[in-house]
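Reading the structure
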Amino acid sequence: MSTTQTANKTLEATLAPPTRCKEQRLQQTLSEYRDALHDAFEQDCTTMSATNDVVTPYNLPYQAKDALKSYVPKLHNTYNANELDDEHPLRFVNRAGKFDRDSSREYEICWNVPQPGRGTNFWIPLRLNPEQEGLWDDLLDEESSTKVGELRLQKHRKTWTLHVTVEYEVEDTTNMPENPTRVGFDIGESMLVTGCALQHGTPTKPLLINGNEAKRLRKEMHTTLTRLQERDASEWRVEERFSYYQNRLTDIIEKASRESVEYAQQFENPVIVMEDLAYIRESLDYGKYMNRRLHSWAFARLQGRIEDKARDAGIPVQYVHPQYTSKTCHSCKHIGYRPRQAEFTCKNPDCHVSMFQADINASANIARRVNPWGESLPWKQADDDSPQDGSRCDTATAHRETSETPSQMTLTAYEESEPTASDD
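Residues numbered from 1 in each chain as written. Predicted model: local features only at pLDDT ≥ 70, side-chain atom pairs only at ≥ 80, totals over all residues. Heavy atoms only, no water.

**Thoughts on the overall build of the protein**
Secondary structure assignment for the protein yields ten helices and 14 strands. Counting only residues that meet the buried cut, the protein has 51% of its 424 residues in that class. Nonlocal contacts in the protein, meaning residues at least 24 apart in sequence, comprise 70% of its contacts between residues at least 6 apart. Of the accessible surface of the protein, which amounts to about 20,300 Å², a share of 45% is contributed by carbon and sulfur atoms. (Helix = DSSP H or I, 4+ residues; strand = E, 2+ residues; numbered from the N terminus. Buried < 20%, exposed > 50% of the residue type's maximum accessible area, 1.4 Å probe, protein only. Contact = heavy atoms within 4.5 Å. Areas by Shrake-Rupley, 256 points an atom, 1.4 Å probe, with all protein chains shown as cover.)

This is the structure we're talking about:
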């Protein structure tokens, strides 16, 4: 019997240069949103009702207020955020997803920008990512099943970028390969990509792609651009340096995505499994310092390029809920803990896993969480997923003591200096 599957993806578009009046209105709405966000967060709003009481007086469109009512409680109840980044995007619920298309215009698609009050919305053209035009076509097709999710509007220097989360149908699961090999990919900062294939339920031949170069470039880019701006450097000079770093990071993304798909291709009937981006982005609110580091890394671009290359190679891609993938034992499914960033320790005394490399454990759980013949497997609620040593970085590796259990992959086999790993 044929069944329908859906997947989530984030569409990216750049707003065409707005007029001075529209620019001012966009900036005013963004500033008002951030003020309301910080106010509700600082007042420790843990429910939608409490958040509503705080944000109601703000001069915001209802789509932004509804997004705040949903988002702020998560910061306290789910993400355990201690402080907020000053550069949060302006969020809207799906009712802000109103678009118009006219092929006679220079920019065919326009977005109706929500504003407070009646009759105050305005239209603005969008510059689409050419690789996503097909999904935009589906989104605007009245007969399509593609649905709009949350919208996020972010300003970077003089450019406004709109991210639209969409839910769309993917290939019928009856077309999935027989006896598939599930290959999970965990995307992080210190380890750019950690890949792990499950063969007979066992993690096999993990892939580790080091993220040190990307991390170094992001740090250097931030420092360089800050210094240029402090010196009042000419606009073309700042843009030139920004483009240089972006091109370098794009090269890293292309190489990492190619290596990831080549890794999956070595297995019989591979199915690539990755974390649902909508949840990944929301889980990165770890304070100003970590937000600058993590939000600057293009998770969406890397996932998108892996998916694009996998599609070209004929490899199915599925997405799963990411919560607690690094805190659940891949072997016995019990909730363990992470005494340090790179370590996972299982609490089950009957399990053969004592200490395990956390990134590989996470990628194995990502692979295991999907059922290639049907819906994603349920995820288990647990305690805080952060390392017990207090670090909040998403992934890291370090040299640790060798486990006494010889049958498992231990930390010493996968030091940060190694870009890839051999068989266990």
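Once you've had a look at it, read on.
**A few points about the packing of helix H1 (residues 20-42) against helix H2 (residues 48-55)**
In contact at an axis separation of 9 Å, H1 and H2 are set at 130 degrees when each is read in the N-to-C sense. Relative to H2, the element H1 is oriented oblique. The handedness of the crossing between H1 and H2 is right-handed. Mapping the contact onto sequence places Ala 36, Asp 39 and Ala 40 in H1 and Thr 51, Val 54 and Val 55 in H2. (Axes fitted to C-alpha atoms, helices over the stretch in contact; angles between N-to-C directions. Parallel < 35°, antiparallel > 145°, perpendicular 65-115°, else oblique. Left-handed = near helix turned anticlockwise from the far one by under 90°.)

**Some details on the packing of helix H5 (residues 212-230) against helix H6 (residues 235-265)**
At their nearest, the axes of H5 and H6 sit 10 Å apart, and the two run at 175 degrees to each other. With respect to each other, H5 and H6 are oriented roughly antiparallel. Note on element contacts: H6 touches H5 through Arg 237, Val 238, Arg 241, Phe 242, Tyr 245, Gln 246, Arg 248, Leu 249 and Ile 252, opposite Glu 213, Ala 214, Arg 216, Leu 217, Arg 218, Glu 220, Met 221, Thr 224, Leu 225 and Leu 228. A breakdown of the residues in the contact of H5 with H6 according to their chemical character gives ten nonpolar, two polar and seven charged. (Nonpolar A, V, L, I, M, F, W, Y, C, P; charged D, E, K, R; others polar.)

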